[in-house]
Amino acid sequence: MATTQSNKSKLTFYGATGTVTGSRFLFETKGRNMLIDCGLFQGPKEVRSRNWEPFPFPANEIERVFLTHAHIDHTGYLPRLVKDGFDGNVHSTIATAKLCEIMLKDSAHLQEEDAKWANKRGFSKHKPALPLYTVKDAEQALTHLMPLQYGEGFYLEDDFRIKFKDAGHILGSSFIDIKIGRGSKSRKIVFSGDLGRPSEKYLRDPVQAFNVDYLVIESTYGNRLHDEVDPREALVRIIAESQKRGGVLIIPSFAVGRTQTLLFMLRELEEDGKIPELDIYVDSPMAINVTKIFEERSTDQNITSRLLTIEGKRAFHPKKLHICETRQQSKAINKVSKNAIIISASGMVTGGRILHHLANRLPDPKNTVFFIGYQAQGTRGRKILERKKPEVKIHGRQVPINAHVESISSLSAHADYNEILAWLMGFNFPPEKTFLVHGESDASASLAEKIRDKLGWNVEVPEFGQSFDLDL
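Residues numbered from 1 in each chain as written. Predicted model: local features only at pLDDT ≥ 70, side-chain atom pairs only at ≥ 80, totals over all residues. Heavy atoms only, no water.

1. Considerations on the layout of surface pockets
Then, in step 1: Considered as a void within the structure, the second largest pocket measures approximately 280 Å³ in volume.
Then, in step 2: In this structure, the second largest pocket is lined by 20 residues; those nearest its centre are Arg224, Tyr374, Gln375, Arg382 and Leu385.
Then, in step 3: Secondary structure elements with two or more residues in the lining of the second largest pocket: helix H12 (380-386) and helix H14 (441-455).
Then, in step 4: Of all the elements, H12 adds the most residues to the lining of the second largest pocket, at 3 residues.
Then, in step 5: Each residue belonging to the lining of the second largest pocket can be placed in one class, and the counts come to 7 nonpolar, 7 polar and 6 charged. (1 Å grid on protein atoms, 1.4 Å probe; cavity = no way out; pocket = protein on both sides within 12 Å on 5 of 7 lines; lining within 4 Å. Points joined across faces, edges and corners; volume = space filled by probe spheres on them. Helix = DSSP H or I, 4+ residues; strand = E, 2+ residues; numbered from the N terminus. Nonpolar A, V, L, I, M, F, W, Y, C, P; charged D, E, K, R; others polar.)

2. As for the sheet that holds strand E2 (residues 25-29)
Then, in step 1: Pairing within the open sheet is mixed, and its 7 strands lie in the order E6-E5-E4-E3-E2-E1-E22. Edge strands, defined here as strands with exactly one partner in the open sheet, are strand E6 (145-148) and strand E22 (467-471). Recorded for the sheet is a direction-independent mean angle of 25° between the axes of neighbouring strands.
Then, in step 2: In this structure, strand E1 (residues 8-13) lies alongside E2, joined through 4 bridges in antiparallel fashion. The partner of Thr12 across the bridge, within E2, is Leu26. (Pairing = 2+ DSSP bridges. Axes fitted to C-alpha atoms, helices over the stretch in contact; angles between N-to-C directions.)

3. Details of the packing of aromatic side chains
Then, in step 1: Per the counting criterion, the structure on display carries 18 aromatic pairs.
Then, in step 2: Measuring from centroid to centroid gives 5.7 Å for Tyr202 and Phe294, while their planes differ by 70°, and the two rings are edge-to-face. One end of the pair, Tyr202, is in the loop between strand E10 (187-191) and strand E11 (214-218); the other, Phe294, is in helix H8 (residues 285-296), and 92 residues separate them in sequence.
Then, in step 3: The structure contains a cluster of three or more aromatic residues connected by ring pairs, namely Phe13, Phe25, Phe27, Phe191, Phe435 and Phe468. (Phe/Tyr/Trp six-rings, centres within 6.5 Å; stacked < 30°, edge-to-face > 60°.)

Set out below in structure tokens:
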């Protein structure tokens, strides 16, 4: 593509480098400072501690924030940024904005609860321990949201256009397409956010990108392929074996995306007669509220899912679904001993009600724990899955891991390296530079090598705080 005499732009990576969390990319161009994603760091303590460090760029000098999707590792730092002085607009898709209304307040509530717990038990170095931000801070952050439709051109100037295009990762997820200049002299940078997989149950496939001069793309599964096993078949087998053992199947699941996919599949399998009608408990207030938004936003789903709506079916509602909103309803599940499925958050077992269920169920070999999503290094989920030790620490005590442990990656919402390469092959010409983010170091390095070998592209794996000059 022809180049144009343009202002130099700068891109700085303040997160999602060497880790799958904390996505924050500062894009400086045409005298404007914009932040692409504003996520929390999660996982090991040394990674989480970055949430408490002052943001490396003055918050009050950031003009706007663009969010690729609602997951907390892409949005969860926003209340803190507002608290520290950011006063601009926050743009996302409509579904992302609706999900943020739930997720940011929930994240703030957890921050407050963690601080209370630390003060009660006295294990914080700070006296008193304070939350990273409060529910009030989250509510203030939400007032900055200005949602846009998929594909709607948003112009900061006549020759400066931003669009959100469907990334197929979760409801409302997008890649951000920024074009500067006009006609054949225009230049473009794309931020992939988290790239979804083809042929998802209710989501559209990721839209193809074209005319891309610079690309920032995730690499979560940069060194792995998803299981070839059909997740439906895996579910049928695991449910049958769980029944045979006479226990309960516990599924740690992300409240946004994976829970809804699971419910969709369980309903399908029931209707097809592949599994019996079991008691299914969804024990996550956030997942419950998110599912309501999924049911409302059928416009953001694929044709198959929309057809179910036309036919009057509830796509995410198996026959014997139990919604557990209160603590009392959650505690009552402890009395259930067999022929049941418990779906609870968080997906990496870092917090939430799933901790209570695992503390109660892990010691019993009749029970099954089934991981359906990525387990980052240092998380409790990773420790249970790898079983390097015979026990895991939950709520301050060591809990034996006697339950049967299963996992599949074919239910992941992230594209694996072949699916990423297939998406990149659709580009009409190679970007001048491709930046790999949102991956553990070995995953990013592996994907970089694959892209260089297969496509011959110029690839960078940035480090935290590293800046690059761009010709935009």
